[in-house]
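Summary of structural features
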Amino acid sequence: MLSQALNSSGPRLIRPDGHAVEWVVSPGRIDHPDAVAEMEARVAAIAEGRAAERVWLLEHPPLYTAGVSARDGDLLDGTRFPVHRTGRGGQFTYHGPGQRVAYVMLDLTRRGRDVRALVRALEAWLIGSLAHFGVEGDVREGRVGVWVDRKGPGWSREDKIAAIGVKVRRWVSFHGVSLNVEPDLSHFSGIVPCGIAEHGVTSLVDLGIPATMDEADAALRTEFEKVFGPVKVLNAEDAGISAVRP
C-alpha cells in the first residue's frame, strides 16, 4: 500500500504560471467515438499552443474499451456492449451510465515531463475525492487505479472503485480516469476488469453512500484544484462541445 504518500501534502502537478484548466461537464451521454475525436482534436490544439488545458467530465452509454495491454481472453462477452480499441494505457474496462469519466488533457511541458508523476497525481486526486464521502481509497503495488478494502463477518476483499488509463502525445495527456458513482456493476461481468480476475468492483452507492453525480463532480473539482491548480468552469456549449446523446 502507498497511501502514506498520497495525502493532502502529497503529489501535486501545478503549473508555475498559474493558468487555469478549463473544466467542462457535458450533460447526457457521449458516444465513445465522438468523445475520442473531440479529445484528440483538443490535444493537438494544446500541443500547438492554440488551446487551453481541459478536463472534460461526461458519461458514456454502456461500452467496453481495450487499452494497449488488453488481452483478448479478458473479453468474456464481446456481444453484450460495443467494444472500442483505444490507445490509452491499461487493459479492458467498462464505461456506462452512473460512472463519471474525466478526460484529462494537460500540458506536461508546463507541469514537468514526468508521466509517473502524472499518474501519482491522478491517484491523489481520486483518493482525495473519495475522502469527501468518508471512503478510504488506496493504491496497490502492481495494480492501476484506486481500491477500497471491504470486510464483513468472516470475509474481506478488495474492490476497485476508480480506474486510470492515460496516454501522452507530444507531452499532452489524454484519456484519464473514471469513478464509479452508481453504475450497474453487473455490466462489468462481460470483461475481466483491468485484467484482474481475483478482485471485484464497487461504487459509492454500492458502498452504501447515496452520492449523486453532482456531488461527485463537486468533490472532483475541489480535489483537482488542490493537486493540479485552478480551473475555469465552462458549460459544454461555451466549450464548443455538442456531441450529446440523450
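Residues numbered from 1 in each chain as written. Predicted model: local features only at pLDDT ≥ 70, side-chain atom pairs only at ≥ 80, totals over all residues. Heavy atoms only, no water.

Here we come to the sheet that holds strand E3 (residues 63–66). Spatially, E4-E3-E5 is the arrangement adopted by the three strands of the open sheet, whose pairing is mixed. Lying at the two open borders of the sheet, with one neighbouring strand each, are strand E4 (83–85) and strand E5 (92–95). For this sheet, the mean angle separating the axes of adjacent strands, direction not counted, is 25 degrees. Taken together, the four bridges between E3 and E5 define a ladder with antiparallel strand orientation. Looking at E5, one finds that Thr65 is bridged to Thr93. (Pairing = 2+ DSSP bridges. Helix = DSSP H or I, 4+ residues; strand = E, 2+ residues; numbered from the N terminus. Axes fitted to C-alpha atoms, helices over the stretch in contact; angles between N-to-C directions.)

We now examine the packing of helix H2 (residues 115–131) against helix H3 (residues 213–228). When two helices pack together, their arrangement is given by the angle between the helix axes and the distance between those axes. It is the contact of H2 with H3, at a shortest axis distance of 8 Å, that shows an interaxial angle of 140 degrees. As the angle between them shows, H2 and H3 are arranged oblique. As for how H2 packs across H3, the hand of that crossing is right-handed. On the side of H2, the interface is formed by Leu118, Ala121, Leu122, Ala124, Trp125, Leu126, Gly128 and Ser129, while H3 contributes Ala219, Leu220, Glu223, Phe224, Val227 and Phe228. Its residues assigned to classes, the contact of H2 with H3 comprises 11 nonpolar, two polar and one charged. (Parallel < 35°, antiparallel > 145°, perpendicular 65-115°, else oblique. Left-handed = near helix turned anticlockwise from the far one by under 90°. Contact = heavy atoms within 4.5 Å. Nonpolar A, V, L, I, M, F, W, Y, C, P; charged D, E, K, R; others polar.)

Let us look at the pattern of salt bridges. All chains considered together, the criterion is met by 21 salt bridges. The shortest N-O distance in the salt bridge between Arg15 and Glu53 comes to 3.3 Å. With a gap of 38 residues between them, Arg15 in the segment before strand E1 (21–25) and Glu53 in the loop between helix H1 (32–47) and strand E2 (54–58) connect regions that are remote in the sequence. Considered together, Arg15 and Glu53 belong to a single accessibility category, that of buried residues. Of the charged contacts in the structure, one is a salt bridge between Glu48 and Arg50, with a shortest N-O distance of 2.6 Å. Residues participating in the shared-partner salt-bridge network are Asp138, Arg140, Arg143, Asp149 and Glu158. (Salt bridge = Lys/Arg side-chain N within 4 Å of Asp/Glu carboxyl O. Buried < 20%, exposed > 50% of the residue type's maximum accessible area, 1.4 Å probe, protein only.)

Take the side chain of Gln91 next. Among the secondary structure elements, Gln91 is positioned in the loop between E4 and E5. For Gln91, the side chain forms a polar contact with the side chain of Arg71, separated by 3.4 Å. (Polar contact = N/O pair within 3.5 Å; in protein donor to acceptor, adjacent residues only side chain to side chain.)

Enumeration over the complete set of coordinates arrives at nine aromatic pairs. Considering the side-chain rings of Tyr64 and Phe81, the 5.5 Å spacing of their centres and the 65 degrees angle between planes classify their relative orientation as edge-to-face. Taken together, the residues span a long stretch of sequence, with Tyr64 in strand E3 and Phe81 in the loop between E3 and E4 at a distance of 17 residues. Pair check on accessibility: Tyr64 and Phe81 agree, each one buried. Look at Trp125 and Phe224: their rings are 5.2 Å apart centre to centre, the planes differ by 75 degrees, and that puts the pair in the edge-to-face class. Taken as a pair, Trp125 in helix H2 and Phe224 in helix H3 lie far apart in primary sequence, 99 residues in all. Taken individually, Trp125 and Phe224 each receive the classification buried, so the pair is uniform in this respect. Grouping aromatic residues by their ring pairs yields a cluster made of Trp23, Trp125, Phe224 and Phe228. We note Arg143 situated over the ring of Trp147; from NZ or CZ to the ring centre the distance is 4.7 Å. (Phe/Tyr/Trp six-rings, centres within 6.5 Å; stacked < 30°, edge-to-face > 60°. Lys NZ or Arg CZ within 6 Å of the ring centre and 35° of its normal.)

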